[in-house]
Structure formats: C-alpha cells, structure tokens
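The primary structure of each chain is shown beneath.
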Amino acid sequence: MSVNQQAHTGPPYGQPQPGYQGYQQPAYGGQSLPGVPRSQYGAYNGPMPEYQQPVPPQGSLRAPPTSGAPPPASGASHPSGHLAYSQFEHGDVQNGIPASAAPMQRPPASQPFLPGSGSTPVSQPSAFQQYGPPPASVQQLSNHMAGMTIGTATASAPPPAGLGYGPPTSVPPVSGSFSPPGSGLYTPYSATQGPPPTSVPQGLPVAQPPFPGQTVSTQRLPTQVPGFAPPPPSTGVGPSSYPPTTGAPRPPAMPGPPLPGQTLAGPPSSQPNHVTSPPPPAALAGLHPGPPMSGLHGPPPPTHPPQPGYQMQQNGSFGQVRGPQPNYGGAYPGTPNYGSPPGPPPPPKRLDPDSIPSPIQVIEDDRSNRGSEPFVTGARGQVPPLVTTNFLVKDQGNASPRYIRCTSYNIPCTSDMAKQSQVPLAAVIKPLATLPPEETLPYLVDHGESGPVRCNRCKAYMCPFMQFIEGGRRFQCCFCSCVTEVPPHYFQHLDHTGKRVDFYDRPELSLGSYEFLATVDYCKNNKFPSPPAFIFMIDVSYNAVKSGLVRLICEELKSLLDYLPREGNMEESAIRVGFVTYNKVLHFYNVKSSLAQPQMMVVSDVADMFVPLLDGFLVNVNESRTVITSLLDQIPEMFADTRETETVFAPVIQAGLEALKAAECAGKLFIFHTSLPIAEAPGKLKNRDDRKLINTDKEKTLFQPQTSFYNNLAKDCVAQGCCVDLFLFPNQYLDVATLGVVPYQTGGSIYKYAYFQLETDQDRFLNDLRRDVQKEVGFDAVMRVRTSTGIRATDFFGAFYMSNTTDVEMAGLDCDKTITVEFKHDDKLSEDSGALLQCALLYTSCAGQRRLRIHNLSLNCCTQLADLYRNCETDTLINYLAKYAYRGVLSSPVKTVRDALINQCAQILACYRKNCASPSSAGQLILPECMKLLPVYLNCVLKSDVLQPGPEVTTDDRAYIRQLVTSMDVAETNVFFYPRLLPLTKADVDSDSLPAAIRNSEERLSKGDIYLLENGLNIFVWVGVSVQQGLIQNLFGVSSFGQISNTLSALPVLENPFSKKVRSIVDMLQGQRSRYMKLIIVKQEDKLEMLFKHFLVEDKSLSGGASYVDFLCHMHKEIRQLLS
Ligand SMILES: [Zn+2]
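Since this is a predicted model, take the numbers as computed values, not measurements. For every chain, the first residue of the written sequence is number 1, and numbering continues from 1 along that sequence. Residues qualify for local features only when their pLDDT is at least 70, as the model is predicted, and side-chain atom pairs are given and counted only at 80 or more; totals for whole chains, interfaces and linings, by contrast, use all residues. Side-chain measures were taken over the full set of non-hydrogen atoms in the model, leaving aside hydrogen atoms and water.

1. Structural notes on the layout of surface pockets
Inference 1: Space inside and on the surface of the protein is sampled on a 1 Å grid over the protein atoms alone, with a cavity defined as a set of points where a 1.4 Å probe fits but cannot get out and a pocket as an open set with protein on both sides within 12 Å along at least 5 of 7 lines; lining residues have an atom within 4 Å of a point. Grid points are joined across faces, edges and corners, and a volume is the space filled by probe spheres set on the points. In this structure, the largest pocket encloses a volume near 1,100 Å³.
Inference 2: The wall of the largest pocket is formed by 42 residues, among which Lys 752, Asp 945, Asp 957, Ile 961 and Asn 1018 lie closest to the centre.
Inference 3: Mapped by element, the contributors of at least two residues to the lining of the largest pocket are strand E19 (750–752), helix H12 (758–774), helix H17 (955–966), helix H18 (970–977), strand E29 (1018–1023) and strand E30 (1078–1083).
Inference 4: Helix numbering and strand numbering both begin at the N terminus, where a helix is a DSSP run of H or I of at least 4 residues and a strand a DSSP run of E of at least 2. Broken down by element, the lining of the largest pocket gets its largest block of residues, five residues, from H17.
Inference 5: When residues are sorted by character, Ala, Val, Leu, Ile, Met, Phe, Trp, Tyr, Cys and Pro go into the nonpolar class, Asp, Glu, Lys and Arg into the charged class, and all the rest, Gly among them, into the polar class. The residue makeup of the lining of the largest pocket, split by class, is 22 nonpolar, nine polar and 11 charged.

Written out as structure tokens, the structure is:
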C-alpha cells in the first residue's frame, strides 16, 4: 500500500490532551454488533427466575461465593460482530435499482431471547411513599488516608475509618436469571392489526367526514378540518375562546351565522393552555385566572409583538355540539369567557374529535402504505416512513433514517424562503444507532497507515457524492468544490459513465454509512488509546444501605461484570473495572488478582481528591474475579450498621476522573447516589427547591445548576473521556438539575428511581443497569457535521460538551444517544445540486480501537414552498421543537417559551395557508398533509411536565425529563409526547400482532375493557370498572375488580392465553424502549387514575393544558390572525 500523498496537517480533531500510553491495536476489520446488550442477555439465564431478594435484617454468615457468577463469556454464544470488508460483495448493490434479493453477508444474528416477565409482588405504591427520617449522622473519625485489609465478614474490630461492622447478614444466593427486554425490539408491528385504515398516500387528500349539513371545501390536497369555517371577517367578529395575542380592542360580541344544526352559543370552552399558573381554587367564570397574557386583561406579553391590522374573528363555526368531557367538569377554571356578557357560562360546544386529524389514523396509514417495502436510500431527498412504521432499510448511498432523520427532505433554496416558512431545518442524528438484525452493519474500511481519503480543503471524508474527474486522478469535493488529487494507492479508472470501476467494492463510494479505521493521527497526543475502564461508585450512606440498594447492586455486579461490552469476536471484554464506595468519605478498593482479600483505602480529605492507589484499582474481571467477588460480598456487611446520612458528590466524580487520568484511559463512571450532597466538600449543595417560583420569571433557576462547579468538572471529564452515568434513588429533592450537569455534558445517562423500594423497583433498576452496562458505547467521541455550500450547522441539542462552535464532544456516546442539529442558510442553494450532510463521528471502541463512523445524507432543494411542505416530517419537527423549548426554559420564562412555540407553529401553518393552499378556501383551517398532526403533537409538548407541570410533578422530575428528552430520538419523543394506548381486551390471543391503538382520550375508553398505555418511561394498565370477571381472573388471578391490587409492579404469571398475550405485549414494549418502563396498575375511579389521565393527552389536563380540540381552535385563530 502506498503512502497517502495528502499528508494530514494534523489530527482532525486535535486538542491538547493528557498523554495517552501507546497501545498497539491489533488490526482487525470489524465492529461490535449493534444491540450487543440484547444479544448478550441471551446467555444470562441463570437458575433463579426472578430477582426477588428479601433482605433480612439479621442472618447467618454468608458462605464465600464461589459460583455466584454465571460462566464466563464463552458460554454467552456471543456472535461474531466483525464484518470483514471482503464481505462487501459485488452484486449486493447494483446500479440504480437495489438488489433486494441478495442480502449482504453478516455474522450470525444475535440469538433471540424471550423476555421473561418479572412478577415481583409489591407491597406499596412506591411513588407515593416517604421514607422515615434516618438517624443522625455520626462523626467520621477517619484518618486522612487509612489503608487496611478487609478481612472476611468475621472481622470484629472497627476499622480505622470509623465504619461500623455490623452483624453479618445473610444473602440469599442470587444468580442472574434476567428477564431480558429486547426480544421484541423489531418484532414486526403488523400493519394489519387494526381495522383497515382508509388508505391515504402521502400528499393525497384526506377526506374528513363532513358534519351534517356542513359544507366541506373542495380543496383536496391538504388536510381540511371541517368545522373550521368561520364566517367572513365582516360578519365574523365575536367572542373568541382564546385571547388575542395583542392588545387589540375587544370586538363587539356578534356571533356569525350559525350552521344548520348548530347551536349558537358562546365560545367553546378552551383556553387552559394559556393558564400559566395553577388555577386558583375558586375561579370565577369569565375571569382569566392566569397572569395577564391576553390583550383583554393586561398588557401583551413581550414575546407577542403587536400585530396591528388583524381583526379578531370568531372561530366558532364548529360543527357539532358536544358536552363537556367527563371528569373535568365544564367549568374548568381555565376557561374564561372572553367577550361574553356577565352571566352564566354558555354551554360549551365542541368540535367532533373524529373530524380532526387523528394520530392513530396517520400512523396506521403509513404502516399500511410503507411498511411492506424496504426503504431504499438511493434517491436524494426521500422522506422515510414514520418511526412508528416497521420497515427495513437498504443503504444505497444515503444514511438510514435510523441514523439520521430530517425535519424536511426538501430545503428551501434561499434563506428568505426558509424564514418565510419558519420551518426549522434540522437533523436528528443517532450515530451509533442499533440496527435490526436483518440490516447490514456499517462496514469497517481500513486504508492502512494513510488513513481515510479526505478533501484537502474542508476535510470531508470520501463519500458517494464526491465527483471523480480527469480519468480518476482527482476528485471534486461535493461539500466545498475543492479539487483534490487522488492518492496513488487509491487511484482507480473510471467507467464510461464517469464512475470508478471499483464503485461497488468500496463502501465509502456506494453506501451512506460506513466506518474508517482511524490512524494514529486521529488519537490524542498521537498515541493509540488504551481500552476504557468502568468504575462502579456506590453510595453507602444510611438510606442506600437501609433500602437494600447497596446489597442489590453488589449482588448484581457479581454477575453483570461478565457481560461488559466486547468487540465482536473477542473472547472477553477489554474493559477494566474498579470499585469505590462513599458517604462523606471515599473508600477505594485494591482488588489486584494476587491479593487474598481486597484492601480498602479511605480518603477522608475530599477537598483535594486523589487516588490513593494505582496498581490494583483498575483490573481485569477474570483475573481478579475471586477478589472482586469477595469485595462485593463484604461491602454490604461493612456498611450494614452505618449511621452516616450525609454524602459528597463532586469528589466522587473527581476520584473517578483522577483514576482514569492515572490509568491514561477513557471510561465510564457508574455512580449510584441517594441524596443531596450536603457534606462539606467541593460541589456541596443546598436545598433550593422552591415551587413558588413556578410561573415566575425565576422559574428558569429551577433548571439551572446552583453552582458552576459542575460545569467545570464536566469540562475536565470530557477532556479525559470520562463519561458519567448516574443512578439516582432520591427520597426527597436532590437537585437533579445540578447533579445532572456532569452526566449530561459527558454524554452519559441519568436514571431516577424516586422512593426506591426493593420489591417494586428492583426489576426496573436492574434491567436499566444491565442494559446500561452492556450497551454499545464509544468513548472520547467527537462529532462534526459538514454540509455542502449554502447551509451550515448552527445549533446543537443533546448530551455533550462543545468547546468551539463546530465540534460536538462526548466523553461517551452510546447507541441510544441522539444529537439534534439545526441548519441555517449562509448562501443560496440550487435545485440541481441539492444539499448534502456528512456526519463524522470519531470515537474509541470498547476495545480501544479508534474509528470514524461516517453518515451521509443528500437532500433536495426547492424554489416552491409547496415542495418544502410536501417533504416534511412532523415527528422530527416535534423532536426539534421540544428540544428547542426545553433548552429555552434555562434562560426564559416558561410562558415565553410556550408562546414562542405556538407562534412559530402558527407561522409555519399560516405560511402554508397563504402560499400553498387554494385561495378559494378562505376561512377553512387547512393543514399541510405532512403536518396535519403538528397541532396535536405541539399541544402535547406545551402541556408536558417541563412546560406546564401539574401539582404532583416535582422540580427534580422536571429537570430529569428535560435532560431525558434532550437526548431522545424521534421514535422516543413521538411516544413520549403522544403515548401509545392499546385496548388489551381487543388483542387477538392467537396472533403476534398488537391490538390497534386508539386515541389518547378518556372518551375512547370503555369501562368494560382493559387498556395499556406506554410512553417510554411508564406502562399503565387501566382496568375499567365493568370488566368481565373472567378477564380479571385471567389477568390478575383474583376474582373481582375490587381485589385487584394497584401496587403490583408486574402482572402475575398465569397460564392462560389472555395473561400470556398481555405479558408478551408488555415484554415486547419493554424491549422496544431504551429504559425499562415502570408498570402501574390503574383501576378506574381509583385515586391513581388521576396520574393515568395525565397521559390522555387529547383531553384537557388538570395542570391547565388544553384539549386537542380546543388547541386546534386556538391554532386556527392564531393562523387567521397572521393571515389577516
Ligand atoms: Zn471539501
């Protein structure tokens, strides 16, 4: 192989970093199998079916564990994940039309594993419990650093550190029979599961059922919403359900002409979405309970600039009258009667929900239209099927939508057009996304010492869009047009069409996604990295010990350590492990394989953290297995009688960081933490929770960290490649907004288990932990998105750190993390050349191999706005808008954020109405076909816990959800904001399919049925009061509705078809989500039902969120105001 003539001018992401020890990597071509966690779960079947682990307070001495851990890796039948490049065969990809019948070779698919079903009996509803006050802290008498040997549990003398050795506690033998989630991950989601949808191809008219006696416009292309035909402005002034956004004078109350069959009443009851404070308990009808936001009751809000010239119009020509929704009462406090004369409120009238765009219908239509054919990525600017559609992808030159989804696949040519439309141009990128087994993993390309071929000027990587010229001796960059010499070793002749003859042999010429093996130039300090390390850091303060958490974690780790991420075909993981426990002081453990017993080193001077031992702290699991097992057995005993309630937090991260620095490697800290760190130490926090700040200008402070200390710490962590995953077990406020800073900025994850109880929460926690430890992850990652001339990446959303304006740095990046990137014009685009994106992710694999993963995507460009609107993806748009809004709450009042969201969407829809819809349909609400769900989904974002919290939502919940959403992909935001609601009693027990989903509204529920609702974090099983006794018996094993326990955290395992079917559905859903969802049983009319109703997002919410119908009316009015 000849030397690349285009010498690198330096590391592409050069940043001065602490030295890396030289680590020579075996050059093998392959990559780990995506979905490693899942495939590895298969081998995890131990003898014990469940993790029921009662922890008796006293007990006999535990026998030394010798076989607690499952057999080592060899038994895991881990499939070889390595794809040699030679497997990329001719004929797999053909010119133009895909060769769909010739699947590319791939390693044996990961073994299927059946999700078990956890059925741990539950004694208390965990979410509503308060722990009793722990005993007072006792003084630690530890030395600055005390080294000692931990004996067996028979040690009787108190340790120098002042740690009480309690009486030994027996631990029932636990070996890991996991209930693996994930088997259902790509279970075909049958498009035939429901009633046949009225098939509506994308872009074709959607026929809405007209109301009786109502004229439906003949405009067919976009979606029209019948009932939205206000009378002409000249006659249509009148009361309006939503306040105007400016201080326009109130028009006279003069209702428009009624439609046949329509009661001419007051405005529909709506408005709650604009209530920015919890409604006062005794709201008077006709009074606006919230702070002034309408022009009628106060000055216009700053975010709504006056829009003179419009005339307020009645939006009240609704079709059919509907009664108030059940259980919310007609006189919802947030329902003012604008413009109505004093007096009793008029009867509310409602638009028929069946006549407005249905998310369920859109999802079903897409499934039936697009679920059967593979999505072939050959053509530019193709809109992929929806995330809710199960489809296969064939990479023929553009990245799979599993890696990149865009808000629009047709970009306006000019910035003026883009501004006019207000449609954000954004890509949601999941660089290490897991693929279903049927799809081909990115090939690893090894160009040897010369490294990947790149453009001389912009450094874009070789990709299918580079144009070879001069007989193949040079290539013109598709991003910056610069011409670069082809390195001699890379030269190849062109065929008569100008295509290189080795086109199909090279992934980087013919595929949208692939990997390059990085050379030493791409490594910190020009040294190949060492394999990463995992450090487990366990809070052993009173609460953690008392709840059984410490024992649970230690037991789990004994087996979980055998399932650390491995490079595809490696016998064992290259990852080293280390252990720390802490309360007010830190305890490091020497688990060197040559020791008979682990040794503890206590560091009590937490002000200046250092690692008291180097040799023996980070070890290979197999080599040190005996010592590690001994340690994990002893930790729960050592701290069993602790009285220490205070904890530190920042020093814990500092300790892990210092350990990784000393070992000269990247890695991940798994921190298990229970309380607000109030002990005297750097990063000490105070309780500053204050719900009175909600709906004030200071609300944003609740989302901001209370000290900048953690931002600086995060920066240091990113520089070292130290990623932090945080598992929180709070019994009270612990300031997620501050504790989450380091996990968030290092690309880590946060998990929160409020009021953790062993019985109810251990399954969920253990499943999360197993998946988190095992999942595919890259370290020391840097991502850059290059674009063709005319647009550029301007803004980024996600869990990462940025030290400049272009490079997204992540100490760790796992297969679930998503980065949303916004683009802006900096020049004109052309319809001919379109627009290109190239996402390059430089990262270190779990075995320490430095790689580049490249994703390319080509988009169309348009001079007609209609083309933009025809090629949008609303789910992706919502992903962007939610992240944008959730970042906005850090700096702006929440109300300002909500108003801006509404305003932007109104402008998007108004621009369409003005420029793309038929002028003959004035007054109709006309939505672009691809955006007809924008109002319903936007409303879900607006009334989400971050932007409009209910009284039961804590400050920590909001900070937690804010951070979660920021890393979500499009499928996750979709189900999070519009949960999936399945009628379980309609399920066909003889088929694999799911019952057809229904819309999220209480009026869709029948009291004779059982439903399941999932949103990615929770699964509710709602049982109607009139459900047949036989069904209750089959599902819950009790004879009547009254006997169903709503404290179950899992469905009982019963041997009948209905029970099996429901449990298989639950398991399948658990497998589809990146977190194990909490299962909550809700009985109709039970108090827990209020929690459940919060997720019926088409209804009004108790926190003041508008119903879908009301919000649609409001949007219509906003649009009309913008147009007039
Ligand atoms: Zn270039």
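Resuming the write-up.
2. Remarks on the coordination of the zinc ion
Inference 1: Each metal site lists N, O and S donors within 2.8 Å (3.2 Å for Na, K and Ca). With water left out of the atoms, a site can look as if it is missing ligands. Cys 455 (SG), Cys 458 (SG), Cys 477 (SG) and Cys 480 (SG) make up the full set of protein donors to the zinc ion, lying at 2.2 to 2.3 Å.
Inference 2: In these descriptions, tetrahedral denotes four donors with every angle between 85 and 135 degrees, square planar four donors and octahedral six donors with opposite donors over 155 degrees apart and the rest between 65 and 115, and irregular any other case. Given four donor atoms and angles of 100 to 116° at the metal, the environment of the zinc ion is assigned as tetrahedral.
Inference 3: The sequence pattern describing where the donors of the zinc ion fall on their chain is C-x2-C-x18-C-x2-C. In this pair, Cys 458 is assigned in the loop between strand E8 (444–445) and strand E9 (467–469) and Cys 480 in the loop between strand E10 (474–476) and strand E11 (483–485), connecting sequence segments 22 residues apart.

3. Concerning the nonpolar core
Inference 1: Throughout this description, the term nonpolar core refers to a set of buried Ala, Val, Leu, Ile, Met, Phe, Trp, Tyr and Cys residues connected via side-chain atoms within 4.5 Å. Any residue under 20% of the maximum accessible area for its type is buried, any over 50% is exposed, and the rest in between are partly exposed; the area is computed with a 1.4 Å probe on protein chains only. Ranked by internal contacts, the top residues of the largest apolar core, which has 145 residues, are Leu 586, Phe 588, Ile 671, Leu 947 and Phe 1036.
Inference 2: Of all the elements, helix H15 (residues 894–915) adds the most residues to this core, at 11 residues.

4. Quick notes on the environment of Leu 613
Inference 1: In this structure, Leu 613 sits in the loop between strand E16 (599–603) and helix H7 (625–638).
Inference 2: Separated by 49 residues in the primary sequence, Leu 613 and Ala 662 have C-alpha atoms spaced 9.7 Å apart.
Inference 3: The residues touching Leu 613, leaving out its near neighbours within four places in the chain, are Phe 588, Tyr 589, Asn 590 and Met 601. Any two residues whose heavy atoms approach within 4.5 Å at even a single point are treated as in contact.

5. Observations concerning the sheet that holds strand E23 (residues 819–825)
Inference 1: One requirement defines pairing of two strands: DSSP has to find at least two bridges between them. With antiparallel pairing, the four strands of this open sheet are ordered in space as E5-E7-E23-E21. Either end of the sheet is taken by a strand with one partner, and the two such strands are strand E5 (404–406) and strand E21 (791–797). Ignoring which end each strand starts from, the neighbouring axes of this sheet average 25° apart.
Inference 2: Pairing of E5 with strand E7 (residues 425–429), which is carried by three bridges, proceeds in the antiparallel orientation. Looking across to E7, one finds that Ile 404 is bridged to Ile 429.
Inference 3: The strands touched by helix H14 (residues 874–888) are E5, E7, E21 and E23; relative to E21, the strand with the most contacts, the crossing angle is about 60°. Axes, fitted as lines to C-alpha atoms, cover a helix only where it is in contact. Angles between the N-to-C directions of the axes lie from 0 to 180 degrees.

6. Details of helix H8 (residues 650–663)
Inference 1: Helix span is expected to be 1.5 Å times the residue number reduced by one. Under the 1.5 Å per step criterion, the end-to-end length of H8 is 20 Å for 14 residues, consistent within 8% with the ideal 20 Å.
Inference 2: The buried count for H8 comes to 11 of 14 residues, which makes it a mostly enclosed element.
Inference 3: Those residues of H8 that sit buried are Ala 650, Pro 651, Val 652, Ile 653, Gln 654, Ala 655, Gly 656, Leu 657, Ala 659, Leu 660 and Ala 663.
Inference 4: Directly after H8, the chain includes Glu 664, whose backbone phi takes a positive value near 55°.

7. Focus on the pairing of E29
Inference 1: Most of E29 is tucked away, with six of its six residues classed as buried.
Inference 2: Connecting strand E28 (residues 1010–1014) to the antiparallel partner E29 that follows it, the hairpin turn spans three residues, and Gly 1016 within it adopts a positive phi of roughly 95°.
Inference 3: Note: E29 against E30, six bridges, orientation parallel. Considered in E30, the bridge of Ile 1019 is made with Leu 1079.

8. What to know about the sheet that holds strand E27 (residues 980–983)
Inference 1: Reading across the sheet, the four strands line up as E27-E28-E29-E30 and stay open at both edges, with mixed pairing between neighbours. Strand pairing shows two members of the sheet lacking a second neighbour, E27 and E30, which therefore form its edges. Direction aside, the axes of adjacent strands within the sheet are offset by 20° on average.
Inference 2: One ladder, built from four bridges, connects E27 with E28; its direction is antiparallel. Bridge pairing links Pro 983 to Tyr 1011 in E28.

9. Points about the pattern of salt bridges
Inference 1: Put simply, a salt bridge is a Lys or Arg side-chain nitrogen that is within 4 Å of an Asp or Glu carboxyl oxygen. Summed over the entire model, instances satisfying the criterion amount to 48 salt bridges.
Inference 2: Among the ionic pairs, Arg 764 bridges to Asp 761, the shortest N-O distance being 3.6 Å. Of this pair, Arg 764 and Asp 761 both sit in helix H12, three residues apart, which is roughly one turn of the helix. You'll find Arg 764 and Asp 761 in the same group, each marked buried.
Inference 3: Its salt-bridge partner being Arg 771, residue Asp 816 comes within 2.6 Å of it at the nearest N-O pair. Placement of the pair is Asp 816 in the loop between strand E22 (808–814) and E23 and Arg 771 in helix H12, with a sequence separation of 45 residues.

10. Considerations on helix H2 (residues 359–370)
Inference 1: With 12 residues, H2 ought to run about 16 Å at 1.5 Å a step, and its terminal C-alpha atoms sit 16 Å apart, in line with that.
Inference 2: Inspection of H2 places Pro 359, Ile 360, Val 362, Ile 363, Glu 364, Asp 365, Asp 366 and Arg 367 among the buried residues, and these make up the whole buried set.
Inference 3: Where H2 is buried, its residues touch helix H16 (934–942) and E27.
Inference 4: N-cap assignment for H2: the residue whose side-chain oxygen lies 3.2 Å from the backbone N of Ile 360 is Ser 358. The definition of a polar contact used here is a pair of N or O atoms within 3.5 Å, where within protein one atom must be able to donate a hydrogen and the other to accept one, and adjacent residues in sequence count solely through side-chain atom pairs.

11. What to know about the environment of Arg 691
Inference 1: Relative to the assigned elements, Arg 691 resides in the loop between strand E17 (667–673) and helix H9 (709–720).
Inference 2: Residues Arg 691 and Leu 702, 11 residues apart in the sequence, show an inter-C-alpha distance of 8.8 Å.
Inference 3: When residues no more than four places from it in sequence are discounted, the contact partners of Arg 691 are Gly 950, Pro 951, Val 953, Thr 954 and Thr 955.

12. Quick word on the environment of Arg 405
Inference 1: If you trace the backbone, Arg 405 turns up in strand E5.
Inference 2: Residue classification places Arg 405 among the buried positions, given a relative accessible area of 5%.
Inference 3: A C-alpha to C-alpha distance of 9.5 Å links Arg 405 and Asp 875, two positions 470 residues apart in sequence.
Inference 4: Filtering out sequence-adjacent residues up to four positions away, Arg 405 remains in contact with Pro 384, Pro 385, Leu 386, Val 387, Phe 391, Ala 426, Ala 427, Val 428, Glu 873, Thr 876 and Val 970.
Inference 5: Of the polar contacts made by the side chain of Arg 405, one reaches the side chain of Glu 873; its length is 2.8 Å.

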